[in-house]
Amino acid sequence: MQRLRFRLAIGRAQLLQYYQGHTAALSVITEQGLRLQVALHHFRGFVGHDGLNGRFEIELTEQHQLHRLQRLS
């Protein structure tokens, strides 16, 4: 399995625009320098009053499917 880490800092107002615009995925650059698209619905459990913030780790299967997503800090 492959593990990739990245940071997100999306304020509440910007996040609402994503949801209202029916954005399906977020595109991030990982700490390893790779561009990664992750479906927005995977982050719902991490959204707080101030938006979506923190450092995350995603674990992908050999088929590049999401296996696990967690907030590190």
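Computed from a predicted structure; not experimentally measured.

Enquirer: Would you explain the pairing of strand β2 (residues 25-29) in this entry?
Expert: The two faces of β2 differ: L26 and V28 on one face are buried, but A25, S27 and I29 on the other face are not. Of the strand pairs in this sheet, β2 and strand β3 (residues 35-39) are connected by five bridges, and their pairing is antiparallel. Residue pairing for β3: A25 is matched across the bridge by A39. Between β2 and β3, which pair antiparallel in sequence order, lie five residues; one of them, G33, sits at a positive phi of approximately 85°.

Enquirer: Hey, could you run me through the nonpolar core in this one?
Expert: Counting 17 residues, the largest nonpolar core has F6, L8, L36, F43, L52, F56 and I58 as its most contacted members. When contributions to this core are tallied by element, the ones reaching two or more residues are β1 (2-11), β2, β3 and β4 (51-60). Leave out the neighbours within four places in its chain, and I58 touches Q2, R3, L4, F6, L36, V38, L66, R68 and L69.

Enquirer: I keep staring at the pattern of salt bridges and nothing clicks. Help me out?
Expert: Two side chains carrying opposite charge are able to pair once their charged atoms lie near each other. By the definition in use, this model includes five salt bridges. Ionic pairing is found between E59 and R3, a salt bridge with its closest N-O pair at 3.5 Å. With E59 in strand β4 and R3 in strand β1, the pair connects residues that are 56 residues apart, well separated along the chain. Given the relative accessible area of 8%, E59 is considered buried. Two residues, E57 and R68, come together in a salt bridge whose shortest N-O distance is 3.3 Å. Of this pair, E57 sits in strand β4 while R68 sits in strand β5 (residues 66-71), and the two are eleven residues apart along the sequence. Linked through salt bridges whose partners overlap, the residues forming this network are R3, R5, E57, E59 and R68.

Enquirer: Explain the sheet that holds β4 here, please?
Expert: Remark on secondary structure: sheet strands pair via backbone hydrogen bonds, oriented parallel or antiparallel. Taking strand neighbours across the sheet as the criterion, the three strands line up as β1-β4-β5 in an open arrangement whose pairing is antiparallel. Whereas interior strands pair on both sides, the edge strands pair on one side only; in this sheet they are β1 and β5. On average, each strand axis in the sheet is inclined to that of its neighbour by 25°, with strand direction left out of account. In terms of strand pairing, β1 meets β4 through ten bridges, oriented antiparallel. Paired with R5 across the bridge in β4 is E57. Relative to β1, helix α1 (residues 12-20) is tilted by about 110°, and along the sheet it contacts β1 and β4.

The rules behind each value
- Residues numbered from 1 in each chain as written.
- Predicted model: local features only at pLDDT ≥ 70, side-chain atom pairs only at ≥ 80, totals over all residues.
- Heavy atoms only, no water.
- Buried < 20%, exposed > 50% of the residue type's maximum accessible area, 1.4 Å probe, protein only.
- Helix = DSSP H or I, 4+ residues; strand = E, 2+ residues; numbered from the N terminus.
- Pairing = 2+ DSSP bridges.
- Core = buried A, V, L, I, M, F, W, Y, C linked by side-chain atoms within 4.5 Å.
- Contact = heavy atoms within 4.5 Å.
- Salt bridge = Lys/Arg side-chain N within 4 Å of Asp/Glu carboxyl O.
- Axes fitted to C-alpha atoms, helices over the stretch in contact; angles between N-to-C directions.

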